[in-house]
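Structure assessment
One letter stands for each residue in the lines below.
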Amino acid sequence: MPTALSILDLASIAPGRTARDSFDNSVALARAAERSGYRRVWYAEHHNMPSIASSATSVLIGHVAANTDTIRLGSGGIMLPNHSPLVIAEQFGTLEVLFPGRIDLGLGRAPGSDQKTMLALRRNPNSADSFPQDVLELQGYLTGRSRIPGVQAVPRAEGVVPLYILGSSLFGAQLAAQLGLPYAFASHFAPDALHQAVAVYRDSFRPSDQQAEPYVMAGVNVFAAEDHDEAVAQKTIAYRARARAMVSRGAAGNTFSDAEIDALLASPNGSQLASMTRYTAVGTPAEVRDYLDEFAAPIQADELILAHHATQIDDRVRSVELTGRAVAAASLVAE
């Protein structure tokens, strides 16, 4: 097994629930991860999505950090083209001052939104083109070696805020390798280029002050339950809801039955949507552990970041606990 398991929490807002409920659920999930041996929990920046509450990512990180004790927390990721590097350095410097040794900063270059929202964010359509330069500028602020004369990020923490490059293509792999940073591949929803991107990253990696050797993280979806059929049922409900939400974006006012959603996912037109969640571990703790082992081996993953998707928070927390326990038990046997 990989040396570490972590969690990507999408801070989802369930139908009929509120953002406050989502934040309470995020705290419960992070506490479960903390007591179950996970290394970190990350939150992703999304905008204008009624079912996702993590848009103010740094604020959510601070809230969860204040309600946990030891687990690392961070962004998976901050979409840097939406922001000034100086502002992100100030936010994460503040978080590191408040919660020393517990803060990560994962960076992506996607908008995390639709085109109209991108304009509302005052984002230049070409801002992604400067992503490599923006990463370096941000790194300079965080390390006290500013690339902008006369400008420093205040506060700047004494401790390190490690950077991670997120991606789902060869671009992110090449950039992470060039900068000598850890690389996290979004295989939980964009699986196609996983193996090629990891190979490019490892082959091209240049050591840096932060990272002496390549470090690969990869996303996997998980539904773990004591009973196999119960895990499958949780997966079916969650993925129907996911498909329904995505299809409904272009069909305002329409509702789709479970049978219609199932037919769509089984059709050629729905195959791409279904294939987005190709990497999904579902079943008993032992089945999930075996799946994660088989997934990690070909890419020699150093860490897996798991997205537990069960619709009900109690089921998500239980999935976190069961998976962590099964992996920990296997590691003890291996030793």
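Up top is the structure these notes are about.
This report concerns the structure included in the present document. Note that the coordinates shown come from a computational prediction; the quantities given were computed from them, not determined experimentally.

**Description of the pattern of salt bridges**
- A complete count under the given rule lists 15 salt bridges for this structure.
- With a closest N to O distance of 2.6 Å, Glu-226 and Arg-318 form a salt bridge. Residue Glu-226 is located in the loop between β7 (216-224) and α8 (228-248), and its partner Arg-318 is located in helix α12 (residues 313-334); the two are separated by 92 residues in the primary sequence.
- Under the relative-accessibility criterion, Arg-318 is labelled partly exposed at 28%.
- One network of salt bridges, with partners in common, ties together Arg-39, Arg-40, Arg-72, Asp-104 and Glu-303.

**Considerations on the layout of surface pockets**
- Reported here for the second largest pocket is a volume of approximately 410 Å³.
- In terms of residue count, helix α5 (residues 131-143) provides more of the lining of the second largest pocket than any other element does, five residues in total.
- Of the residues that constitute the lining of the second largest pocket, the class distribution is eight nonpolar, six polar and five charged.

**So, the pairing of strand β5 (residues 163-167)**
- The element β5 is largely enclosed, with a buried count of five among its five residues.
- The alternating pattern of β5 places Leu-163, Ile-165 and Gly-167 on one face and Tyr-164 and Leu-166 on the opposite face, and all of these are buried.
- Examined bridge by bridge, strand β4 (residues 103-108) and β5 share three bridges and lie parallel to one another. The partner of Leu-107 across the bridge, within β5, is Ile-165.
- Handedness of the β5-helix α6 (residues 170-179)-strand β6 (residues 183-185) crossover: right-handed.

**Notes on the nonpolar core**
- In this structure, Phe-92, Leu-105, Leu-107, Val-135, Leu-292 and Leu-304 are the most contacted members of the largest nonpolar core, which totals 72 residues.
- Excluding residues that lie within four positions of it along the chain, Leu-107 makes contacts with Ile-78, Leu-80, Phe-131, Val-135, Leu-138, Leu-163, Tyr-164, Ile-165 and Leu-166.
- In this structure, Trp-42, Leu-166, Ala-184 and Ile-305 belong to the second largest nonpolar core, which totals eight residues.

**Notes on the side chain of His-47**
- Relative to the elements of secondary structure, His-47 occurs in the loop between β2 (40-43) and α2 (57-66).
- A polar contact is formed between the side chain of His-47 and the side chain of Glu-45, at a distance of 2.6 Å.

**A word on the packing of aromatic side chains**
- Within this structure, the stated rule accounts for six aromatic pairs.
- For the pair Tyr-183 and Phe-185, a centre-to-centre distance of 6.2 Å together with 75° between the ring planes defines the contact as edge-to-face. Neither residue differs from the other here; Tyr-183 and Phe-185 are each classed as buried.
- Seen in terms of ring centroids, Phe-223 and Tyr-239 are 5.3 Å apart; in terms of plane orientation they differ by 85°. Their pairing is edge-to-face. Separated by 16 residues along the polypeptide, Phe-223 in strand β7 and Tyr-239 in helix α8 bring together distant segments of the chain. Comparing Phe-223 with Tyr-239, the two get one shared label, buried.

**Some words on the side chain of Arg-240**
- Checked against the element boundaries, Arg-240 lands in helix α8.
- At 2.7 Å, the side chain of Arg-240 and the side chain of Asp-262 are in polar contact.
- In this structure Arg-240 touches Asp-258, Ile-261 and Asp-262, once residues within four positions along its chain are discounted.

**Some details on the packing of α5 against α6**
- The contact between α5 and α6 brings their axes to 11 Å, and the two run at 35°. Note on packing geometry: the crossing formed by α5 with α6 is right-handed. On α6, the residues that touch Phe-131, Pro-132, Val-135 and Leu-136 of α5 are Phe-171, Leu-175 and Leu-179.
- Looking at side-chain class alone, the contact of α5 with α6 contains seven nonpolar, no polar and no charged residues.

**A word on the environment of Arg-318**
- Sequence spacing of Arg-318 and Phe-223 is 95 residues, and the spatial spacing of their C-alpha atoms is 9.5 Å.
- Those residues in contact with Arg-318 that lie beyond four places of it in its chain are Glu-226 and Arg-325.
- Engagement of the side chain of Arg-318 in a polar contact is seen with the side chain of Glu-226, the distance being 2.6 Å.

**Examining the pairing of strand β1 (residues 4-9)**
- With six of six residues buried, β1 is to be regarded as a mostly interior element.
- Across the two faces of β1 the burial is the same, with Ala-4, Ser-6 and Leu-8 and Leu-5, Ile-7 and Asp-9 all buried.
- Pairing of β1 with strand β9 (residues 303-308), which is carried by four bridges, proceeds in the parallel orientation. In the sheet register, Ser-6 faces β9, and the bridge partner there is Ile-305.
- Strand direction decides the pairing type here: β1 and β2, joined by three bridges, are parallel. Paired with Leu-8 across the strands is Trp-42, a residue of β2.
- Taken together, β1, helix α1 (residues 19-35) and β2 form a β-α-β motif whose crossover is right-handed.

Conventions used here
- Residues numbered from 1 in each chain as written.
- Predicted model: local features only at pLDDT ≥ 70, side-chain atom pairs only at ≥ 80, totals over all residues.
- Heavy atoms only, no water.
- Salt bridge = Lys/Arg side-chain N within 4 Å of Asp/Glu carboxyl O.
- Helix = DSSP H or I, 4+ residues; strand = E, 2+ residues; numbered from the N terminus.
- Buried < 20%, exposed > 50% of the residue type's maximum accessible area, 1.4 Å probe, protein only.
- 1 Å grid on protein atoms, 1.4 Å probe; cavity = no way out; pocket = protein on both sides within 12 Å on 5 of 7 lines; lining within 4 Å.
- Points joined across faces, edges and corners; volume = space filled by probe spheres on them.
- Nonpolar A, V, L, I, M, F, W, Y, C, P; charged D, E, K, R; others polar.
- Pairing = 2+ DSSP bridges.
- Right-handed = clockwise from strand over helix to strand, strands pointing away.
- Core = buried A, V, L, I, M, F, W, Y, C linked by side-chain atoms within 4.5 Å.
- Contact = heavy atoms within 4.5 Å.
- Polar contact = N/O pair within 3.5 Å; in protein donor to acceptor, adjacent residues only side chain to side chain.
- Phe/Tyr/Trp six-rings, centres within 6.5 Å; stacked < 30°, edge-to-face > 60°.
- Axes fitted to C-alpha atoms, helices over the stretch in contact; angles between N-to-C directions.
- Left-handed = near helix turned anticlockwise from the far one by under 90°.

Purely spatial values, then, with no claim about function.
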